[in-house]
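Fold and geometry: a report
Each chain is listed here by its residues.
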Amino acid sequence: MKLGVVGLPNVGKSTLFNALTRAGAEAANYPFCTIEPNVGVVAVPDERLEKLAALYSSKKVTPAVVEFVDIAGLVKGASRGEGLGNKFLSHIREVDAIVHVVRCFEDENVTHVEDSVDPVRDIATINLELILADIEAVEKRQDRIRNAARGGSDKTAAAEFAFLEKLMHHLEQELPAGSLTVSDEEKAMLDDLFLLSAKPVIYCANIAERDMGTPEDALPLVSAVKTYAKAHGAEVVVVCAKTEAELAELSDEDKAAFLEEFGLKESGLAKLIRASYSLLGLISYLTAGEKETRAWTIVKGTKAPQAAGKIHTDFERGFIRAEVVEWQTLLECGGLAGAREKGKVRSEGKDYVMKDGDVVLFRFNV
């Protein structure tokens, strides 16, 4: 699963990406310093793993991961090729969801392409470019099926063309494809188009260092982003990218001391990574033992046999049952044997829908 980190130039995208991955993407005070997308795989913070690993004295701990792609700054006119727009728009098309970084800090030493700081305007600028690119994509699709749809003899083409007209009317009102109300049949057609404005979004409000520890509601620029996001059914995560990049270089002890100084329970990055994981509709089930404690990524709603298939296809093919215990219960019982003695281990069959935090032992026979 990939998340694209997007935003206007000089809003802190590459600085945030550096903090996320420690990959050292070039961060400079000029547009387009990120010409090719940088890619980094990031572990999802999960306190459950460390606690279970300590219980079992596990030799190895393997967390769930999310892949982030740092995409160069877009500008007004990107859909018409302004800046390096078309190339970057194609990179966005390849990701599953978008982390949209917006500038919520004033700094006369960091230029802004619009010469003023207005995060809601910046959001609208990028969203419009994505919508304009989608209009072009829908027009091309209409042209391809127009003849087949004409006359109604090809019912599939006719139904799709009717949907494309409905979608085009929506986009021409400068509304993102993701906000269009669709039936199950129309959703399948929408998904096949891979439209940019249909992708789920998290807005990442990048604040100044001096605003660290300040209540979010006391920051006018952040409040404006939150109001916008709420109206569009999106989530906001507040970070200071510059500080997060510095934190990424500290030891765990120094990092904890820094967060405590500002009255923070966790870093902004930890919140962003978890929110991104959730945005993709992902959860983790866990396996634990002396060899390895591991988080396995599945889509919410996955049933036990398919979850078992994540470990090995034989597990799914020969699935018999899943022995399941909630992770905290397992800790309280001192392990699987203790959980069994107290009747806390459940035997689940093929129709069991996995829950986040399930610790599982699969029984199978091939």
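Per-chain numbering applies: the sequence of each chain, read as written, is numbered from 1 onward. Local features are withheld for residues below a pLDDT of 70 in this predicted model, meaning they are given only at 70 or higher, and side-chain atom pairs are given and counted only at 80 or more; totals for whole chains, interfaces and linings count all residues. By convention in this description, side-chain values take in all heavy atoms of the structure and omit both hydrogens and water.

**Comments concerning the overall build of the chain**
Quick reminder of the rule: In this text, helices come from DSSP runs of H or I with a minimum length of four residues, and strands from runs of E with a minimum of two, each type numbered from the N-terminal end. Only protein chains enter the accessibility calculation, which uses a 1.4 Å probe. A residue is then buried if its area is under 20% of the maximum for its type, exposed if over 50%, and partly exposed in between. The Shrake-Rupley method, run with a 1.4 Å probe, gives the accessible areas here. Residue values count only the displayed protein chains as cover.
Within the chain, the regular secondary structure consists of 14 helices and 12 strands. The buried share of the chain, taken over its 366 residues, is 47%. For the chain, the exposed surface amounts to about 18200 Å²; the carbon and sulfur share of it is 49%.

**Let's talk about the environment of Val360**
Let me state the cut-off plainly: Two residues form a contact once any of their heavy atoms are found within 4.5 Å.
Checked against the element boundaries, Val360 lands in strand S12 (residues 358-364). In sequence terms Val360 and Tyr285 are 75 residues apart; their C-alpha atoms lie 7.3 Å from each other. What Val360 contacts, discounting residues up to four positions off in sequence, is Tyr285, Leu286, Thr287, Ala322, Glu323, Val324 and Met354.

**Describing the pattern of salt bridges**
Rule in force here: One side-chain nitrogen of Lys or Arg within 4 Å of one carboxyl oxygen of Asp or Glu is enough to make a salt bridge.
Enumeration according to the criterion identifies 22 salt bridges in this entry. In this structure, Glu186 and Lys166 form a salt bridge, with 3.0 Å as the shortest nitrogen-oxygen distance. One end of the pair, Glu186, is in helix H6 (residues 184-193); the other, Lys166, is in helix H5 (residues 155-172), and 20 residues separate them in sequence. Residue classification places Lys166 among the partly exposed positions, given a relative accessible area of 34%. Among the salt bridges present, the one from Arg340 reaches Glu323, with a minimum N-O distance of 2.4 Å. Residue Arg340 is found in helix H14 (residues 336-341), and its partner Glu323 is found in strand S10 (residues 319-326); the two are separated by 17 residues along the sequence.

**Things to note about the packing of helix H4 (residues 119-149) against H5**
Heads up, the condition is: Each axis is a line fitted through C-alpha atoms, and for a helix only the stretch in contact is used; angles between axes span 0 to 180 degrees, taken between their N-to-C directions. Here the angle decides the label: under 35 degrees means roughly parallel, over 145 means roughly antiparallel, 65 to 115 means roughly perpendicular, and every other value means oblique. Should the near helix be turned counterclockwise from the far one by less than a right angle, the crossing is left-handed, whereas a clockwise turn marks it as right-handed. Throughout, the ten residues Ala, Val, Leu, Ile, Met, Phe, Trp, Tyr, Cys and Pro are labelled nonpolar, Asp, Glu, Lys and Arg are labelled charged, and all others, Gly among them, are labelled polar.
Orientation of H4 relative to H5, taken along the N-to-C sense of each, is 155°, at an axis distance of 9 Å. Here H5 runs roughly antiparallel to H4, going by the angle between their axes. Considering how the two elements wind past one another, H4 and H5 form a crossing that is left-handed. Of the residues in H5, those in contact with Ile131, Asp134, Ile135, Val138, Glu139, Arg141, Gln142, Ile145, Arg146, Ala148 and Ala149 of H4 are Ala157, Ala158, Glu160, Phe161, Leu164, Glu165, Leu167, Met168, Leu171 and Glu172. Taken together, the residues that form the contact of H4 with H5 break down as 13 nonpolar, 1 polar and 7 charged.

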